[in-house]
Amino acid sequence: MRLLSERSGPDTSGWKTYAATTIATVATAAAGSAAVDADSAWYRSLSKPSWQPPSWAFGVVWTPLYASLAWATGRALNNAPPGERTPLAASTAVNLIVNGAWSWLFFRKQSPAAGLLATLALDVSNVQLIGRVVRTDKTAAVALLPYAAWCVFATALNAELAERNCSRRGGREEG
């Protein structure tokens, strides 16, 4: 995203910025999904709340959320004044890194507690990202609200999973 922050004038076409945010978002989704194994014995053995959506629903929900994230951050970067581009690109990068890290902490580390820390960090990152985007492009900021709302729901779900399963032993989770 460094090139995006060094532009001196507005990007009249915007396609390079949208391509960059799309590639970064798709890479995050791919990296995160590489860690997810909803059919693992560990995950199936977790005590889950009745309000948890079925496993297939997560892909259905995340696909448009990732699309809106790529579009909104691309639009905001295209509309940002030169001095705002680098901080906005950095906020986007941090958000994507934390987003992708959750899957690795929760599924690969098999730790709902570590996943909870990551999703709380993602919520903080979302507030920071939306705050930065709203100064540049209100429409883009509004487009990020469903993503942030889903992440808050995911935090509540992760907190419930951590609470229900914190006493589990076996070298994976310690209460």
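Residues numbered from 1 in each chain as written. Predicted model: local features only at pLDDT ≥ 70, side-chain atom pairs only at ≥ 80, totals over all residues. Heavy atoms only, no water.

How should the overall build of the protein chain be read in this particular structure?
When helices and strands are tallied, the protein chain shows 7 helices and 0 strands. Listed by position from the N terminus, the elements making up the protein chain come as α-α-α-α-α-α-α. Counted over contacts in the protein chain with a minimum sequence separation of 6, partners at least 24 positions apart contribute 78%. Here the protein chain has roughly 8900 Å² of accessible surface; of this, 65% comes from carbon and sulfur atoms. (Helix = DSSP H or I, 4+ residues; strand = E, 2+ residues; numbered from the N terminus. Contact = heavy atoms within 4.5 Å. Areas by Shrake-Rupley, 256 points an atom, 1.4 Å probe, with all protein chains shown as cover.)

Can you help me understand the pattern of salt bridges in this one?
When charged atoms on two side chains of opposite charge get close, those side chains can pair. Applying the stated rule across the entire model yields 3 salt bridges. Note that Arg75 is salt-bridged to Asp137, the shortest N-O span being 2.6 Å. Placement of Arg75 in helix α4 (residues 55–79) and of Asp137 in the loop between α6 (112–136) and α7 (138–165) is noted, with a sequence separation of 62 residues between them. You can call Arg75 partly exposed: its relative accessible area is 26%. Taking relative accessible area as the criterion, Asp137 reaches 5% and is therefore assigned buried. (Salt bridge = Lys/Arg side-chain N within 4 Å of Asp/Glu carboxyl O. Buried < 20%, exposed > 50% of the residue type's maximum accessible area, 1.4 Å probe, protein only.)

Would you mind showing me how to read the confidence of the model for the protein chain here?
Any segment with low pLDDT has predicted coordinates that should not be analysed in fine detail. For the protein chain, mean pLDDT is 91; residues scoring 70 or higher make up 87% of the total. When pLDDT is averaged over each helix and strand of the protein chain, the minimum, 47, is found for helix α1 (residues 2–5) and the maximum, 98, for α7. Here residues 1–7 is modelled with pLDDT under 50, and outside its nearest four sequence neighbours on either side it reaches 17 contacts, counting other chains as well. Below pLDDT 50 for its whole length, residues 169–175 participates in 15 contacts with residues either more than four positions away or in separate chains. (pLDDT = per-residue confidence, 0-100.)

Got a minute to help me understand helix α2 (residues 15–35) in this structure?
Each α-helix winds once per 3.6 residues, and so residues spaced three or four apart point in a common direction. Between its first and last C-alpha, α2 extends 30 Å over 21 residues, near the 30 Å set by a 1.5 Å rise per residue. Of all the positions in α2, only Thr17, Thr21, Thr25, Thr28, Gly32 and Ala35 are classed as buried. Buried residues of α2, viewed axially, fall in a sector of 85°; they line one side. Exposed residues pointing more than 90 degrees away from the buried face of α2 are listed as Trp15, Lys16, Ile23 and Val26. (Expected span 1.5 Å × (residues − 1). Arc of directions from axis to C-beta.)

Just to check I follow, could you spell out the environment of Ser47 for this structure?
As for its position among the elements, Ser47 is in the loop between α3 (41–45) and α4. Given a relative accessible area of 31%, Ser47 falls into the partly exposed group. Apart from residues no more than four positions distant in its own chain, Ser47 is found in contact with Leu161, Arg164 and Asn165. A distance of 3.0 Å separates polar atoms of two side chains, one belonging to Ser47 and the other to Arg164. (Polar contact = N/O pair within 3.5 Å; in protein donor to acceptor, adjacent residues only side chain to side chain.)

Help me understand the packing of α2 against α4 in this model?
Describing two packed helices takes the angle between their axes plus the distance from one axis to the other. Two elements in contact, α2 and α4, have axes whose closest approach is 8 Å; the angle formed by their N-to-C orientations is 145°. Seen along the crossing, α2 lies across α4 with a hand that is right-handed. For the pair formed by α2 and α4, the contact residues are Thr17, Tyr18, Thr21, Thr22, Thr25, Thr28 and Ala29 on the first element and Tyr66, Leu69, Ala70, Trp71, Thr73, Gly74, Arg75, Leu77 and Asn78 on the second. Looking at the contact of α2 with α4 residue by residue, the class counts come to 7 nonpolar, 8 polar and 1 charged. (Axes fitted to C-alpha atoms, helices over the stretch in contact; angles between N-to-C directions. Left-handed = near helix turned anticlockwise from the far one by under 90°. Nonpolar A, V, L, I, M, F, W, Y, C, P; charged D, E, K, R; others polar.)

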